[in-house]
Amino acid sequence: MGYDLAVWSGDRPRDDRRAGSTYDELYERYLESDDVVVPPTPRVTAYVEALVARYPDDDHGVVWASPPVTEEASGPIVYLLMSFGKAEEVSEYAVGLAREHGLVCFDPQEERLRS
């Protein structure tokens with residue numbers, strides 16, 4: 001069990017409903033299909049590199065509840081799966097870091113923007 005956070009490059013949607021639609025489109029286009037591999041954009045790559053510098057990619061079960069974070073980035077989006085025990089700490093850092101990188105954060109569980 002864990003906590004998920006979607007982070008993407010683009011204009012910040014005006015409300016949670018629009019953010020949910022954008023998230024659905026990006027997830028379907030870039031993360032759902034295994035057929036096409038799209039390298040992450042430079043902004044997303046820089047974000048992921050900064051994130052794993054603080055919370056290493058190989059820290060599965062403690063911080064990350066998924067494959068390496070670098071494998072969860074495609075095009076303008078990265079999908080973060082955090083272990084429940086560290087979710088509050090890591091998500092707060094991830095949201096602040098996304099803000100520094102000019103990225104949008106969305107909580108798919110609660111279907112709301114994070115700021």
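The structure this text deals with has already been given above.
Just so we're clear, the structure is a prediction, and the values are computed from it rather than from any experiment.

How each quantity is defined
Residues numbered from 1 in each chain as written. Predicted model: local features only at pLDDT ≥ 70, side-chain atom pairs only at ≥ 80, totals over all residues. Heavy atoms only, no water. Phe/Tyr/Trp six-rings, centres within 6.5 Å; stacked < 30°, edge-to-face > 60°. Helix = DSSP H or I, 4+ residues; strand = E, 2+ residues; numbered from the N terminus. Buried < 20%, exposed > 50% of the residue type's maximum accessible area, 1.4 Å probe, protein only. Lys NZ or Arg CZ within 6 Å of the ring centre and 35° of its normal.

> How should I be thinking about the packing of aromatic side chains in this particular structure?
Aromatic rings considered in pairs are described by the distance between their centres and by the relative angle of their planes. The final tally for this structure, using the stated rule, is 6 aromatic pairs. Aromatic side chains Y23 and Y27 sit 5.8 Å apart centroid to centroid with 50 degrees between the ring planes, which places their arrangement in the tilted category. One end of the pair, Y23, and the other, Y27, are both in helix α1 (residues 16-31), 4 residues apart, so they sit about a helical turn from each other. Judged by centre distance (6.3 Å) and plane angle (25 degrees), the ring pair of Y23 and Y79 falls under stacked. One end of the pair, Y23, is in helix α1; the other, Y79, is in strand β3 (residues 77-83), with 56 residues separating them in the sequence. Neither residue differs from the other here; Y23 and Y79 are each classed as buried. Connected via pairs of aromatic rings, a cluster forms that spans W8, Y23, Y27, Y79 and F106. The positively charged end of R54 is found above the aromatic ring belonging to Y93, 4.3 Å away from the centroid.

Note that every value here comes from positions in space, so none of it alone points to a role or purpose.
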